[in-house]
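What follows is the residue order along each chain.
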Amino acid sequence: TAVILCAVILSAAGVLLSGCGEPKKAREARLQGIEQMNQKQFEDAIISFDTALNEADGVVDEFELDILKYRGEAEYRLGDYEAAVHTYEILEDVDGERQEYLRCRNRAKVQSANEKGLDLLEEGNSEDAIAAFEEGLVLAEESGDETLIQEAQQLLRTIEVQLMRSREKLPERWRFFRSMLPPMA
């Protein structure tokens, strides 16, 4: 899906530019991190990518950018969306606002807002949960990514059904917020 697409786009340059002039420890740590990602060991992969960055020559070039791309993907797949946002912002600061960074950063921001909303809803704080979901939908709409928008809308419909099943009185704000969603197909 879109997460895999981000990974493919973000790592394409790294396959071609393996950082031949980088220290051996840095190259080995990068490769170890990639292998750990393939094994879905995302926490370990992040540690390996950080090691690779620390062992690198200190000059930000394609090698370091490639490591940051992998680290951002590992953070996202781990569910540490705020860390992923931070990594993609570093990439933008260093390498400019590329569409691939913006897309991945926006996806992480939306996921972060939605996760916050789910946590708040679980705590019984439906008012603040709705505000978090609203933030997620607004971020998705601002991104212009139709898939992201549809995912945010579907999550909201699912939440509404859960609230109705729990027989919890829907907050007044939900009625306004619900009006922002297109009709169900």
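Because the structure is a prediction, the values reported are computed rather than measured.

This part covers the overall build of the protein. Helices and strands together make up the secondary structure of the protein, namely nine helices and zero strands. Going from the N terminus to the C terminus, the protein shows its helices and strands as α-α-α-α-α-α-α-α-α. Surface exposure of the protein reaches about 10100 Å², of which carbon and sulfur atoms provide 50%.

Our next topic: the confidence of the model for the protein. Per-chain confidence: the protein averages 81 in pLDDT, with 77% of residues scoring 70 or above. Every residue in residues 12–19 is under pLDDT 50, and counting partners more than four places away or in other chains gives ten contacts.

Another point: the packing of aromatic side chains. For any pair of aromatic rings, geometry is given as the distance between the ring centres together with the angle between the planes. Counted according to the given criterion, the structure contains two aromatic pairs. Taken together, a centroid distance of 5.7 Å and an interplanar angle of 20 degrees make the contact between phenylalanine 49 and tyrosine 70 stacked. Here phenylalanine 49, found in helix α3 (residues 42–55), pairs with tyrosine 70, found in helix α4 (residues 62–78); they are 21 residues apart in sequence, far enough to count as distant. Overall, tyrosine 70 belongs to the buried group, its relative accessible area being 13%. Ring centres of tyrosine 76 and tyrosine 81 lie 5.2 Å apart, and the angle between their planes is 65 degrees; on these two criteria the pair is classed as edge-to-face.

Across the interface, helix α2 (residues 24–38) lies against α4 with an axial gap of 11 Å and an inter-helix angle of 25 degrees. Here α4 runs roughly parallel to α2, going by the angle between their axes. Between α2 and α4 lies a crossing whose hand is left-handed. Counting all contacts with α2, which are made through Ala26, Arg27, Arg30, Ile34 and Met37, the residues of α4 involved are Phe63, Asp66, Ile67, Tyr70, Glu73, Ala74 and Arg77. Classifying every residue of the contact of α2 with α4 gives seven nonpolar, no polar and five charged.

Next up on the list: the environment of threonine 51. With respect to the secondary-structure elements, threonine 51 resides in helix α3. By relative accessible area, which is 35% here, threonine 51 ends up partly exposed.

In this structure, lysine 40 takes a positive phi of about 60 degrees despite not being glycine. On the secondary structure map, lysine 40 appears in the loop between α2 and α3. When its relative accessible area of 58% is taken as the criterion, lysine 40 is described as exposed.

Cut-off values and rules
Residues numbered from 1 in each chain as written. Predicted model: local features only at pLDDT ≥ 70, side-chain atom pairs only at ≥ 80, totals over all residues. Heavy atoms only, no water. Helix = DSSP H or I, 4+ residues; strand = E, 2+ residues; numbered from the N terminus. Areas by Shrake-Rupley, 256 points an atom, 1.4 Å probe, with all protein chains shown as cover. pLDDT = per-residue confidence, 0-100. Contact = heavy atoms within 4.5 Å. Phe/Tyr/Trp six-rings, centres within 6.5 Å; stacked < 30°, edge-to-face > 60°. Buried < 20%, exposed > 50% of the residue type's maximum accessible area, 1.4 Å probe, protein only. Axes fitted to C-alpha atoms, helices over the stretch in contact; angles between N-to-C directions. Parallel < 35°, antiparallel > 145°, perpendicular 65-115°, else oblique. Left-handed = near helix turned anticlockwise from the far one by under 90°. Nonpolar A, V, L, I, M, F, W, Y, C, P; charged D, E, K, R; others polar.

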